[in-house]
Amino acid sequence: MKKIALASTIAALCFSAGTLQAAEKWDMPMAYSGSNYHSATGEEFARCVTTGTGGDIAITTHPSGSLFKGGDIKRAVQTGQAPIGERLLSSHQNENALFGFDSVPFLATSFEASAKLWEAAKAPISKLLDEQNLVLLYSVPWPPQGLYFKKEVNSVEDMKGTKFRSYNNTTARLAELTGMLPVTIEAAEISQAFATGVAESMVSSGSTGYDRKVWESLTHFYEVNAWLPRNYVFVNKDTWKDTSDANKNVVKACAELAEYAGNWRAVQYTDFTVKGLAAGGMTVAPAGEKLVGELQTIGGTMTADWLKETGAEGQAIVDAFNTAK
Ligand code: PCA
């Protein structure tokens, strides 16, 4: 009898130990379309963690704002409704202007410069996030930002009165300064916004225009290379504290790999998607000289505003970036 009791106790212990170790499920909300390279990178990161932790942590990605809409993802992770997520970093500019370091017009206009700017900003941004109960894991840039319209545009004058889709404070401010009418719309909803005329233009990458087949409504994409905004992946700090050191190491290694792969994909996707816009029937061309000149003047105003808003912290990022250049 004793033996049987002992055996069943051991079995029960093993079972409970097994249960404790059983996969912890991390749902990972993401805002952009499943076919986009950010989502593909997130999916690969999820698989890396799931495999690397031997199933201790099983991450499932939910792209296209299907679990939480883009604008709700950060709060969901801060409050622990979701343990991990991905979001556009500069969308938090309304909380703290420093988050907009990557959207300062014409500061970093290539992938190479964007990587250097990120090196300069990573520590202060991690600190900001840490104060908000979040741990930064990795970040991948969007391709250079250009302007979309449904008509030919050669100057700021031509832009006046246009309904302009914005995605952060910088883009809304750009609309204001060019006499356009800003309306904030998530990337997941832009196809419909353009089809119904709620918006008629935007600043974004060739990537987002391609993902959302905007040639169905818009006609022109002007390459401006205004800035390269970033997505970032972050985890709830309490969830992170409860994660074993061994598993933390796996997550960190997978994050490093994801950042590298994501950067590489971003570069490949830029060319592919800009060609895709043209194949869809759009006129794709560099912005004309007059427009570029006017945008640079406006960009100068926006840069001065941002430096004023962020003070010494913003200046320190710009200085570190300029030193690294
Ligand atoms: N695509 C995202 C952010 C920047 C980009 O290229 C968007 O348009 O929402």
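Residues numbered from 1 in each chain as written. Predicted model: local features only at pLDDT ≥ 70, side-chain atom pairs only at ≥ 80, totals over all residues. Heavy atoms only, no water.

Q: Is there a simple way to think about the overall build of the protein chain in this case?
A: On a plain count of helices and strands, the protein chain comes out with 11 helices and 11 strands. Based on the C-alpha atoms only, the size of the protein chain along its principal axes is roughly 90 × 45 × 30 Å. Looking at the protein chain residue by residue over its 325 residues, the buried ones come to 51%. A sequence separation of at least 24 residues applies to 78% of the contacts in the protein chain between residues at least 6 apart. (Helix = DSSP H or I, 4+ residues; strand = E, 2+ residues; numbered from the N terminus. Buried < 20%, exposed > 50% of the residue type's maximum accessible area, 1.4 Å probe, protein only. Contact = heavy atoms within 4.5 Å.)

Q: Hey, could you run me through the sheet that holds strand β4 (residues 134-141) in this one?
A: Ordered in space as β3-β10-β4, the 3 strands form an open sheet in which the pairing is antiparallel. Edge strands, defined here as strands with exactly one partner in the open sheet, are β3 (84-88) and β4. Taken over all neighbouring pairs, the strand axes of this sheet differ in orientation by 25 degrees on average, direction set aside. As defined by bridge partners, β4 adjoins strand β10 (residues 230-236) across 7 bridges and the pair is classed as antiparallel. Paired with Y138 across the strands is V233, a residue of β10. Relative to β4, helix α2 (residues 37-52) is tilted by about 130 degrees, and along the sheet it contacts β3, β4 and β10. (Pairing = 2+ DSSP bridges. Axes fitted to C-alpha atoms, helices over the stretch in contact; angles between N-to-C directions.)

Q: Hey, could you run me through the packing of α2 against helix α10 (residues 245-279) in this one?
A: The geometry of a pair of packed helices is captured by two quantities: the angle between their axes and the separation between those axes. Close contact between α2 and α10 brings their axes to 9 Å; oriented N to C, the two are set at 155 degrees. Considered as vectors, α2 and α10 are oriented roughly antiparallel to each other. Note that α2 runs across α10; the crossing there is right-handed. In this structure, α2 contributes Y37, A40, T41, E44, F45, C48, V49 and G52 to the contact, and α10 contributes V250, V251, C254, A255, A258, A261, G262, R265, A266 and Y269. (Parallel < 35°, antiparallel > 145°, perpendicular 65-115°, else oblique. Left-handed = near helix turned anticlockwise from the far one by under 90°.)

Q: For this particular structure, what's the right way to read the site of the ligand?
A: Neighbouring the ligand are Y32, L88, W142, Q145, R165, Y167, A187, S204, S205, T208 and P229. Within the side chain of S204, one N or O atom sits 2.8 Å away from an oxygen atom of the ligand. Relative to its unbound accessible surface of 260 Å², the ligand loses 99% to contact with the protein. Structurally, the ligand is housed in the largest pocket. Among the residues forming the shell around the ligand, the class breakdown is 6 nonpolar, 4 polar and 1 charged. (Near = heavy atom within 4 Å. Polar contact = N/O pair within 3.5 Å; in protein donor to acceptor, adjacent residues only side chain to side chain. Areas by Shrake-Rupley, 256 points an atom, 1.4 Å probe, with all protein chains shown as cover. 1 Å grid on protein atoms, 1.4 Å probe; cavity = no way out; pocket = protein on both sides within 12 Å on 5 of 7 lines; lining within 4 Å. Sits in = over half its atoms within 2 Å of the grid points. Nonpolar A, V, L, I, M, F, W, Y, C, P; charged D, E, K, R; others polar.)

Q: Mind showing me how you'd approach the layout of surface pockets here?
A: Where empty space is left in the structure can be found by rolling a water-sized probe over the atoms. A volume near 490 Å³ is recorded for the largest pocket. Lining the largest pocket are 31 residues, and of these R87, S91, Y167, N168 and E186 sit closest to its centre. With 7 residues, the top contributor of residues to the lining of the largest pocket is helix α3 (residues 70-78). Split by residue class, the lining of the largest pocket holds 9 nonpolar, 14 polar and 8 charged. In this model, the second largest pocket occupies a volume close to 200 Å³. Considering each element in turn, the lining of the second largest pocket owes the most residues, 5 residues, to helix α11 (residues 289-324). Among the residues making up the lining of the second largest pocket, the classes are represented as 5 nonpolar, 6 polar and 3 charged. (Points joined across faces, edges and corners; volume = space filled by probe spheres on them.)

Q: Any chance you could explain empty space enclosed by the protein here in plain terms?
A: Counted under the stated rule, the structure contains 3 cavities of 30 Å³ or more. When residues in the lining of the largest cavity are grouped by element, the largest group, 3 residues, is from α11. Here the residues of the lining of the largest cavity sort into 10 nonpolar, 2 polar and no charged. In this structure, the second largest cavity encloses a volume near 40 Å³. Residue lining of the second largest cavity: Y32, S33, N36, W142, A187, T208, D211 and R212, and that is the complete set.

Q: What is the right way to read unusual backbone geometry from this model?
A: The phi torsion of most residues other than glycine is negative, and most of the peptide bonds are trans. Positive phi, normally seen in glycine, also occurs at K213, with a value near 45 degrees. Residue position: K213 is located in the loop between α8 (206-211) and β9 (220-223). Even without being a glycine, N225 presents a positive backbone phi close to 50 degrees. Structurally, N225 can be placed in the loop between β9 and β10. A relative accessible area of 35% means that N225 is categorised as partly exposed.

Q: Is there a simple way to explain α3 in this structure?
A: Along an α-helix, residues three or four apart share an orientation, since each turn contains 3.6 residues. When we look at burial in α3, the residues that qualify are G70, I73, K74, A76, V77 and Q78. Buried residues belonging to α3 abut β1 (24-29), β3, α4 (111-130), β4 and β10. Looking at the residues trailing α3, positive phi occurs at G80, about 85 degrees.

Q: Explain the pairing of β10 to me, please; I cannot follow it from the model alone.
A: Two faces belong to every sheet, and in a regular strand the side chains alternate between them. Across the 7 residues that make up β10, a large majority, 7, are buried. Across 5 bridges, the pairing between β3 and β10 is antiparallel. Paired with L88 across the strands is N231, a residue of β10.

Q: In this structure, what is going on with the nonpolar core? I would like to understand it.
A: General note: in soluble globular proteins, nonpolar side chains tend to be found buried as a group. With 80 residues, the main nonpolar core has F45, I59, I84, F101, L137, Y138 and L147 as its most contacted residues. Considering each element in turn, this core owes the most residues, 9 residues, to α4. Setting aside its immediate chain neighbours within four residues, I59 contacts W26, M28, F45, A46, V49, T50 and I84. (Core = buried A, V, L, I, M, F, W, Y, C linked by side-chain atoms within 4.5 Å.)

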